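Each chain, letter by letter, is given below.
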Amino acid sequence: MNDVTRAVVVARTPDGPPAPEDFEVVEVPIAAAVEDQVVVRVDVLSLDPYLRSLLGGAHLDDPPVAPGQVVPGRSVATVVESRSTEVPVGATVLAETGWRELAVLPAAAVSPVSVPDGVPDSAMLGPLGMPGLTAYAAHVRHLTPGAGETVVVGSATGGVGSVAGHLASLAGARTIGIVGNATKVELARSLGYDEVVVRTAPDWVEALHAASPDRVDCYLHMGDQATLDGVVEHLAVGARVSLCGLIDQSNGAPPTRLRAGALMAARATVHGMVVHDHADLAADHVDRVAALLATRRLTLLEDRYSGLESAGAAFAALMSGRNRGKVVVAVSKESQS
Ligand SMILES: NC(=O)c1ccc[n+]([C@@H]2O[C@H](COP(=O)([O-])OP(=O)(O)OC[C@H]3O[C@@H](n4cnc5c(N)ncnc54)[C@H](OP(=O)(O)O)[C@@H]3O)[C@@H](O)[C@H]2O)c1
């Protein structure tokens, strides 16, 4: 067994949107596995926007990740050594490994990966994992769209958005995806959105109004202040809003504010999303979304990078809206083919 492994550490705490130089690949020591531990090889690593808040010390009650520390993160991994009777060598598992090639973990902290035939294991990091559960929970607990209602989804082509829009369509709603640039319009349409609005276009509010003549019944907010303001000013009476992602605030913009007058006029209900509150939905979520993936009614849209050294640049691209789908990094050679 190696006594070091390659890992990505924080080189400096990002100031505003993260840059590749905020991260550095180094060798870190790795301890030998003891009783009830396993050694895993990271195959595919998930990159998620919450990490930006974590690096800045602003993610819920979590402690900040200081310079020099390995960046946290979840992976699909292969067990390469086991000191546990519960987890065999060769098992494919989901684990909080951090951005590294090898990790030593308690066997109890890894869980088996199970995906339908024909669906890549990495779906456990996207539609079948935390982003998919976020979309599912927002759909069934916050937005509850009915047939014919109008649902607006921010970050429409991302890890959460690509699932949320599809669930709303299946409920018979009209769906409007919001994207950051014109190159994502066709992508959003291919995911099934009825209408697509480019939030950075000068006339985007007019475009939103044209796309939703009866106003907006449900809004999954994952975006910036200007997008939130534009949609909230166009809510229908009885609207439901799920506040899910405040990406500009995560990147250092001032705290997001709500237009109380518009919400009051719409008699709107505003929900705050924290996906961990909805763990009880995980089994339903996986059943439902796995069936959609298995029958190819839901597209697995991955923005896949290769090699641990690409993780910093991939994260910078994600946090500035240059991703197309769920961002993952194929770390092991076996997963890069
Ligand atoms: N509350 C929770 O429990 C929870 C759980 C999971 C995710 N989230 C949040 O949900 C959001 C989506 O997560 P995800 O993993 O699916 O990420 P993602 O959508 O794949 O990527 C982030 C997207 O944010 C969009 N964006 C909107 N305004 C932006 C701005 N001002 N600057 C940069 N990007 C901007 C970009 O898309 P466009 O450029 O196309 O708009 C970018 O692609 C994130 O904000 C995340 O933190 C929250």
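In this structure, Val40, Leu45, Leu47, Ala164, Ala311 and Val329 are the most contacted members of the largest nonpolar core, which totals 94 residues. Built from parts of two domains, this core gets at least three residues from each of domain 1 (4–125 + 302–336) and domain 2 (130–278). In this view, Leu45 contacts Gly73, Ser75, Trp99, Ala311, Val328, Val329 and Val331; residues no more than four positions away in its chain are not counted.

Strand order in the open sheet formed by six strands is E10-E9-E8-E11-E12-E13, with parallel pairing between adjacent strands. Looking at the sheet topology across the chains shown, the edges are occupied by strand E10 (195–198) and strand E13 (269–272). Across the sheet, the mean angle separating the axes of adjacent strands is 15° when strand polarity is ignored. Relative to strand E12 (residues 235–245), strand E11 (residues 216–222) runs parallel, the two being bridged by six bridges. What sits directly across from Leu220, in E12, is Ser242. The sheet contacts of helix H6 (residues 225–232) involve strand E8 (150–153), strand E9 (174–179), E11 and E12, and relative to E11 the element is tilted by about 170°.

The next subject is H6. The set of residues buried in H6 consists of Thr227, Leu228, Gly230, Val231 and Val232. The elements touched by buried residues of H6 are E8, E9, helix H5 (204–211), E11, E12 and helix H8 (260–265).

At a closest axis distance of 8 Å, the pairing of helix H2 (residues 130–143) and helix H3 (residues 161–170) adopts a crossing angle of 35°. By crossing handedness, the relation of H2 to H3 is classed as right-handed. For the pair formed by H2 and H3, the contact residues are Pro131, Gly132, Ala135, Tyr136, Ala138 and His139 on the first element and Val163, Ala164, Leu167 and Ala168 on the second. When its residues are assigned to classes, the contact of H2 with H3 shows eight nonpolar, two polar and no charged.

Surrounding the ligand, one finds 29 residues, the nearest of these being Gly158, Gly159, Gly180, Gly245 and Gly321. In the shell around the ligand, the residues fall into twelve nonpolar, twelve polar and five charged. Three or more residues apiece are contributed to the shell around the ligand by two domains, here domain 1 (4–125 + 302–336) and domain 2 (130–278).

What follows is about the domain arrangement of the protein chain. By the assigned domains, the protein chain splits into domain 1 (4–125 + 302–336) and domain 2 (130–278). Between the C-alpha centres of domain 1 and domain 2 the distance comes to 29 Å. Partitioned by chemical class, the residues of the side of domain 1 that touches domain 2 number three nonpolar, five polar and four charged.

A few words on the environment of Val70. Along the chain, Val70 falls in the loop between helix H1 (50–55) and strand E4 (74–82). The sequence separation of Val70 and Glu24 amounts to 46 residues, and the corresponding C-alpha distance is 9.5 Å. Not counting the four nearest positions on each side in its chain, Val70 is found in contact with Ala7, Val8, Val9, Val28, Gly98, Trp99 and Arg100.

About the criteria used
- Residues numbered from 1 in each chain as written.
- Predicted model: local features only at pLDDT ≥ 70, side-chain atom pairs only at ≥ 80, totals over all residues.
- Core = buried A, V, L, I, M, F, W, Y, C linked by C-beta atoms within 7 Å.
- Buried ≥ 20, exposed ≤ 12 C-beta atoms within 10 Å, placed from the backbone.
- Domains from an automatic or database assignment.
- Contact = placed C-beta atoms within 7 Å.
- Pairing = 2+ DSSP bridges.
- Helix = DSSP H or I, 4+ residues; strand = E, 2+ residues; numbered from the N terminus.
- Axes fitted to C-alpha atoms, helices over the stretch in contact; angles between N-to-C directions.
- Left-handed = near helix turned anticlockwise from the far one by under 90°.
- Nonpolar A, V, L, I, M, F, W, Y, C, P; charged D, E, K, R; others polar.
- Near = placed C-beta within 6 Å.

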